[in-house]
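# Survey of secondary and tertiary structure
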Amino acid sequence: MTSKSASAGKEKLIDEEEEVLQAVILADSFNKRFRPLTTRKPRCLLPICNAPLLDWTFESLALAGVQEVFVICRSHAELVKDAIKESKWSKPGSGMKIVPIMTAKETFSPGDALRDVYTRGLVTTDFVLVMGDLVSNIRIDEVVRVHKERRRTNKDAIMTMVVKETGVKHRTRPRGESSVFVLDPETSECLHYEHVQGYPKKKSVNIPREIFEAHPEVDIRYDLLDCSIDICSVEVPSLFQDNFDYLDIRRDFVHGILTSDLLMKNIYCYIAEEGYAARVQDTRSYDAISKDILQRWTFPLVPDDNHPGRHIYEHTRGNRYIAKDNTVVLARTCNIGTNTLIGSSTKVSENATLIASVIGQNCTIGAGTTITNSYIFEDTVIGANCTIEQSIIGSGVQIKDGSHVQKGSLIADGVVIGPNARLEPFERLSTKREETETEDDDDDDSDVEEVESNQDSIDKSSLGPDTNAIVWPRDPPDEEDDEEGPENYKNQRFMRLGDNASDLDVSDEDEDSSSEEESSTEDEDDYHELASLSELSDASIHVPALSGLMADAEFRTEVTQSLERAFTEGHSVDNAAVELKTLRMASNVPLKRVKEAVVSAIVEKIPLIEGDPTAQRKEIYGVISRWGELINKIGGVDPVETVSILQAHCATSPRMPLFGQILAALYQEDIVEEDDIRAWHALPDSKGENRKEGIETDNFQKCWMIGSHMIQQFDAQESDTDSDESSEEEQPRRPAPQGAPQSKESSDDDEDDSSDSTEGVDGGESESPSEGISTSGTSSTRQSTNTSEDEDESEETDE
């Protein structure tokens, strides 16, 4: 008997090891956020970085070892089937079996699709559920392992949702839709879920009192990005079948399961600490994820290494990707900016400028044309002297000479505009469908037919004489015609490319918050039932009134990320400056904002060393000599402003005690001069005048006193120079303020310090001896330092 039992257990283990990992991809988007780009093809076949979205999803599943995939599609099912046949996954030895499943025309939601999965009996074990617009490099197999281990002890654990920690203002985080998760910190069980949309704004979430009674400690998280990757038990589709009110997976199913007193099922979260995952669920996220791919956050899924479209690109400095098949023609005078990808057989003409954009295969860009933050699909021709900004242009489009396409525009396949067309912001254009196409729209045909039938009353003179475009309405719908939920017009403003929605009215914010305070004071027993969203993370929930500030904060985040890469990878100062200029041009922010981000990043790069002033001084001068020049390289040289920005940052930073030494280092590197320090010192703001009392104001005044001491040193140095003209026989010395290391000639005590100057400052590249630490020596010494740094940068360029 014992032998048989052991044998059965062994067979069971073998069966578990050989169990096929299945996945279900919902290829339909179930919304209209990409209209009119999706009137002729589904969203999952739109290209991102020149590969269909569906291929990126397949790559993500392949990384996890998924062996069998069911692709559930309703609209354009034949196009999806053809794309799967042509993909590398249909080839023998691909390691993944893909089965396209066409569902009924009545499938209008993810819930309907999962009911169809249950009816067909497709899944036989725990499976991975994703949408067809996923870009991810997260090892889902590890999540599957954790889910299955949990299922062995808890059969009611029916789902594990993959989430990632992220800032509220991170560019990949959806602004129109986000989530509040209430978790058990010990088990990661999701105790409550609340959907949050941008408009109408939500000021609170209702958390059942029972959760706090049953769990002495809970985490209320608003800083988790929902990756839309779910590991589901085989009974999940049956739960959709039992409840036809479940339409959306999060808003209906997850919320319904967690609030049900009858089902008694458990849902968990897996907080992924590594990897990247995001959905292209609107045009704004399309832009954000495209930039993440180009900036290599999705590695190993990057254009030059493992491109899902099987294209081969050459990756050059500044994240420029050029097709490697020698078919790209770039004119000698064209300008290719950073974070740009150019597909094969594309021609870029003289004086054309491409910045932070993706150009598809077989495209033509005319002379003098400027394209910024835009996405051009294959076979598109753009004429001379055109301007395209923050837009998506479909396949086979013709934009003739002298045309201007403003931000947020969507131009569908085959449209012709121009010459000298002038598109308004957020314009949407398509072409009239043929009779054979009317049966294969991505949703019902009624709204497309309505758009096509209302063209006679539209003035198309601004689109040029040769246009064939159908113009989609720009005006918001009537209030009674507007959809409810996240698809309402104002909420969609947060989801579209180029729109910061800063004009939406939130004037009742203060009024509502005050009433909340009154109600919570009146009834202390209800304290745990309401949690203000502004308290759920370090950053407040996004509301329309803050969108301008958030755009600025998002830009600062991008600058910080760019500088972190430059620090880590050892970029040259010139290349780092070019990337920052490109970011500023793309984001349209004042130069001062760039300088603030640069100064704060450089200051925060300096490590704090306690108890060793000499080592601290070396660290300061090492960082400033390596990166200080970047402050002036970004444009608009204003040293007085630089000192003011430095003071403002140090006043709110743990590096406040280093202000004097950092300022001295900037002086030593010729980034600021004596007159600049005096001019800053004379400003009323530098003294902290007209500021509220507090630690920050005290720090402003301390910085000003340090400046006073430096100026006294300048005056004393000048006095000594006037009284001792004999010291002028050699080249004049630059006075060294307090905090600057003395040169070997001026102090014998620092011989040991100067001998250590051959150490590299930045781990990213080897520094010359003169870059290791600045000295207060002669002018010729400073010139030698600059020359050595230039040599290092030229070597880097040659490499």
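The name given to the protein chain in an unreviewed UniProt entry is Translation initiation factor eIF2B subunit epsilon, and the organism recorded there is Gymnopilus dilepis. Its UniProt record gives the protein chain the following Subcellular location (unreviewed entry) comment, quoted word for word: "Cytoplasm, Cytosol". One UniProt comment on the protein chain, placed under Sequence similarities (unreviewed entry), says "Belongs to the eIF-2B gamma/epsilon subunits family."

### Details of the pattern of salt bridges
All told, the structure shown has 38 salt bridges when counted by the stated rule. In this structure, the salt-bridge partner of Asp-304 is Arg-296, at a minimum N-O distance of 2.7 Å. The class of Asp-304 is partly exposed, set by a relative accessible area of 27%. A salt bridge links Arg-493 to Asp-499; the nearest nitrogen and oxygen atoms lie 2.4 Å apart. The same class applies to Arg-493 and to Asp-499, which are both buried. Salt bridges here are not isolated pairs; linked through shared partners, they connect Arg-33, Glu-177, Asp-248, Arg-251 and Glu-487.

### A closer look at the packing of aromatic side chains
Scanning all chains against the criterion turns up 10 aromatic pairs. Seen from their ring centres, Phe-240 and Phe-253 are 4.5 Å apart, and the 15° between their planes marks the pair as stacked. In this pair, Phe-240 sits in helix H7 (residues 236-242) while Phe-253 sits in helix H8 (residues 249-259), placing the two residues 13 residues apart along the sequence. Taking 5.2 Å as the distance between ring centres and 50° as the angle between the ring planes, the aromatic pair formed by Tyr-667 and Phe-714 counts as tilted. Residue Tyr-667 is found in helix H19 (residues 659-668), and its partner Phe-714 is found in helix H21 (residues 695-723); the two are separated by 47 residues along the sequence. Taken individually, Tyr-667 and Phe-714 each receive the classification buried, so the pair is uniform in this respect. Ring pairs connect the aromatic residues Phe-34, Tyr-286 and Tyr-375, which therefore count as one cluster. Its guanidinium or amino end placed over the ring of Trp-627, Arg-626 lies 4.1 Å from that ring's centre, counting from NZ or CZ.

### Thoughts on the pairing of strand S13 (residues 224-232)
Among the 9 residues of S13, 9 are classified as buried, and the element is accordingly described as predominantly covered. Alternating positions in S13 separate into two faces, Leu-224, Asp-226, Ser-228, Asp-230 and Cys-232 on one and Leu-225, Cys-227, Ile-229 and Ile-231 on the other, with burial throughout. Relative to S13, strand S6 (residues 127-131) runs antiparallel, the two sharing 3 bridges. The residue bridging Phe-127 from the neighbouring strand is Cys-232, located in S13. One ladder, built from 7 bridges, connects strand S8 (residues 157-165) with S13; its direction is antiparallel.

### With respect to the sheet that holds strand S20 (residues 340-342)
Within a sheet, each strand pairs with its neighbour through backbone hydrogen bonds, oriented either parallel or antiparallel. Strand order in the open sheet made by the 9 strands is S16-S17-S20-S23-S26-S29-S32-S34-S35, with mixed pairing throughout. At either end of the open sheet lies a strand with only one pairing partner, and these are strand S16 (313-316) and strand S35 (470-471). Looking at chain direction, strand S34 (residues 428-430) and S35 are connected through 2 bridges and run antiparallel. Bridge pairing links Ser-430 to Ile-470 in S35.

### Let's talk about helix H9 (residues 283-294)
Helix length check: H9, at 12 residues, gives a terminal C-alpha distance of 17 Å against a target of 16 Å (1.5 Å per residue), a fit within 8%. Most of H9 is tucked away, with 12 of its 12 residues classed as buried. Of the positions making up H9, those classed as buried are Thr-283, Arg-284, Ser-285, Tyr-286, Asp-287, Ala-288, Ile-289, Ser-290, Lys-291, Asp-292, Ile-293 and Leu-294. The N-capping residue of H9, defined by a side-chain oxygen 3.3 Å from the backbone nitrogen of Arg-284, is Asp-282. Phi turns positive one or two residues past the end of H9, at Arg-296, with a value near 75°.

### Some words on the sheet that holds strand S12 (residues 219-221)
If you walk across this open sheet you meet the 3 strands as S10-S9-S12, and the pairing is antiparallel. One side of each edge strand has no neighbouring strand; the edge strands of this open sheet are strand S10 (190-197) and S12. Sheet twist, expressed as the average angle between the axes of neighbouring strands with direction ignored, equals 10°. Here strand S9 (residues 177-183) pairs with S10 via 7 bridges, running antiparallel. Paired with Val-180 across the strands is Glu-194, a residue of S10. Packing of H8 onto the sheet brings it into contact with S9 and S10, and relative to S10 it is tilted by some 150°.

### Some points on the packing of helix H18 (residues 639-650) against H19
Closest axis-to-axis distance for the H18/H19 pair is 11 Å, and the angle between their directions is 155°. It follows that H18 is roughly antiparallel to H19 by the angle criterion. Note on packing geometry: the crossing formed by H18 with H19 is right-handed. Only Phe-659, Ile-662, Leu-663 and Leu-666 of H19 make contact with H18, whose side of the interface consists of Val-643, Leu-646, Gln-647 and Cys-650. When the residues that make up the contact of H18 with H19 are grouped by side-chain class, the tally is 7 nonpolar, 1 polar and no charged.

### Here we look at the environment of Val-416
One can find Val-416 in strand S33 (residues 416-417). Not counting residues within four places of it along the chain, the set of residues in contact with Val-416 comprises Gln-398, Lys-400, Asp-466, Thr-467, Asn-468 and Ala-469.

### Overview of the nonpolar core
Membership of the largest hydrophobic core comes to 57 residues, with the highest contact counts inside it found for Ile-399, Ile-411, Ile-417 and Leu-429. Broken down by secondary-structure element, the contributors of at least two residues to this core are helix H2 (53-63), H9, strand S17 (320-323), S20, strand S23 (358-359), strand S26 (375-376), strand S29 (392-393) and strand S32 (410-411). The leading source of residues in this core is H9, at 4 residues. Ranked by size, the runner-up nonpolar core spans 50 residues in total, among them Phe-555, Ala-597, Cys-650 and Ala-664.

### Side note on the pairing of S17
The pairing of S16 with S17 spans 4 bridges and is classified as antiparallel. Paired with His-315 across the strands is Tyr-321, a residue of S17. Hairpin connection from S16 to S17: 3 residues lie between these consecutive antiparallel strands, with Gly-318 at a positive phi of about 85°. Bridge analysis of S17 against S20 gives 3 bridges, and the strand direction is parallel. Opposite Tyr-321, over in S20, you have Leu-341 as the bridge partner.

### Let's talk about the side chain of Gln-281
With respect to the helices, strands and loops of the structure, Gln-281 is situated in the loop between strand S15 (277-279) and H9. Filtering out sequence-adjacent residues up to four positions away, Gln-281 remains in contact with Arg-33, Phe-34, Arg-43, Asp-133, Pro-174 and Glu-177.

### Details of unusual backbone geometry
For the bond from Tyr-199 to Pro-200, the omega torsion is -5°, close enough to zero to count as cis. The omega angle of the peptide bond from Gly-418 to Pro-419 is -5°, so this bond is cis rather than trans. When you line up the elements, Pro-419 lands in the loop between S33 and S34. Despite not being glycine, Ser-228 has its phi angle at roughly 60°, a positive value. Locating Ser-228 in the fold gives a position in strand S13. Judged by relative accessible area, which is 18%, Ser-228 ranks as buried.

### What to know about the packing of H18 against helix H20 (residues 674-682)
Relative orientation of the contacting elements H18 and H20 amounts to 55°, with a least axis distance of 8 Å. As summarised for this structure, H18 and H20 are arranged oblique, according to the angle between their axes. Crossing handedness for the pair H18 and H20: right-handed. For the pair H18 and H20, the contacting residues are Pro-639, Val-640, Val-643, Ser-644 and Gln-647 in the first and Asp-676, Ala-679 and Trp-680 in the second. Its residues placed into classes, the contact of H18 with H20 shows 5 nonpolar, 2 polar and 1 charged.

### A few points about the environment of Thr-338
Residue placement: Thr-338 occurs in the loop between strand S19 (335-336) and S20. Thr-338 gets classed as buried once you look at its relative accessible area, which sits at 2%. Note: C-alpha distance between Thr-338 and Ser-357 (19 residues apart in sequence) is 8.7 Å. If we ignore the near neighbours within four places in the chain, the residues touching Thr-338 are Gly-318, Asn-319, Arg-320, Ile-355, Ala-356, Val-578, Glu-579 and Thr-582.

Reading the values: the criteria
Residue numbering note: each chain is counted from 1, following its sequence as written. Per-residue local features are limited, in this predicted model, to residues with pLDDT of at least 70; the limit for side-chain atom pairs, both in listing and counting, is 80 or more; totals at the level of whole chains, interfaces and linings are taken over all residues. As a convention, hydrogens and water are excluded, and side-chain values are obtained from all of the structure's heavy atoms. UniProt positions are given in the numbering used here, feature names are shortened, and annotations may be inferred rather than shown by experiment. Salt bridge, as applied in this entry: a Lys or Arg side-chain nitrogen positioned within 4 Å of an Asp or Glu carboxyl oxygen. Three labels apply to residues, based on accessible area from a 1.4 Å probe with only protein chains included: buried if under 20% of the type maximum, exposed if over 50%, partly exposed otherwise in between. For Phe, Tyr and Trp, rings pair up if their centres lie within 6.5 Å, where Trp contributes its six-membered ring, and each pair is then called stacked (planes under 30 degrees apart), edge-to-face (over 60) or tilted (otherwise). Each helix corresponds to a stretch of at least 4 residues labelled H or I by DSSP, and each strand to a stretch of at least 2 residues labelled E; elements are numbered beginning at the N terminus. Two limits define a charge over a ring: the Lys NZ or Arg CZ must be within 6 Å of the ring centre, and within 35 degrees of the ring normal. Pairing between two strands requires that DSSP report at least two bridges joining them. By this rule, a helix spans an expected 1.5 Å times one less than how many residues it contains. Polar contact criterion, stated in full: a pair of N or O atoms within 3.5 Å, where within protein one must be able to donate a hydrogen and the other to accept it, and residues adjacent in sequence count only if both atoms are side-chain atoms. Interaxial angles span 0 to 180 degrees and are taken between N-to-C directions of axes, which are lines fitted to C-alpha atoms, for helices over the stretch in contact. Every residue pair with non-hydrogen atoms within 4.5 Å of one another is taken to be in contact. Every angle not falling under 35 degrees, over 145, or within 65 to 115 is termed oblique; those three ranges are roughly parallel, roughly antiparallel and roughly perpendicular. Handedness of each helix crossing follows the sense of rotation of the near helix against the far helix: counterclockwise by less than a right angle gives left-handed, clockwise gives right-handed. When residues are sorted by character, Ala, Val, Leu, Ile, Met, Phe, Trp, Tyr, Cys and Pro go into the nonpolar class, Asp, Glu, Lys and Arg into the charged class, and all the rest, Gly among them, into the polar class. Joining through side-chain atoms within 4.5 Å is the link that ties buried Ala, Val, Leu, Ile, Met, Phe, Trp, Tyr and Cys residues into a set, and such a set is a nonpolar core.

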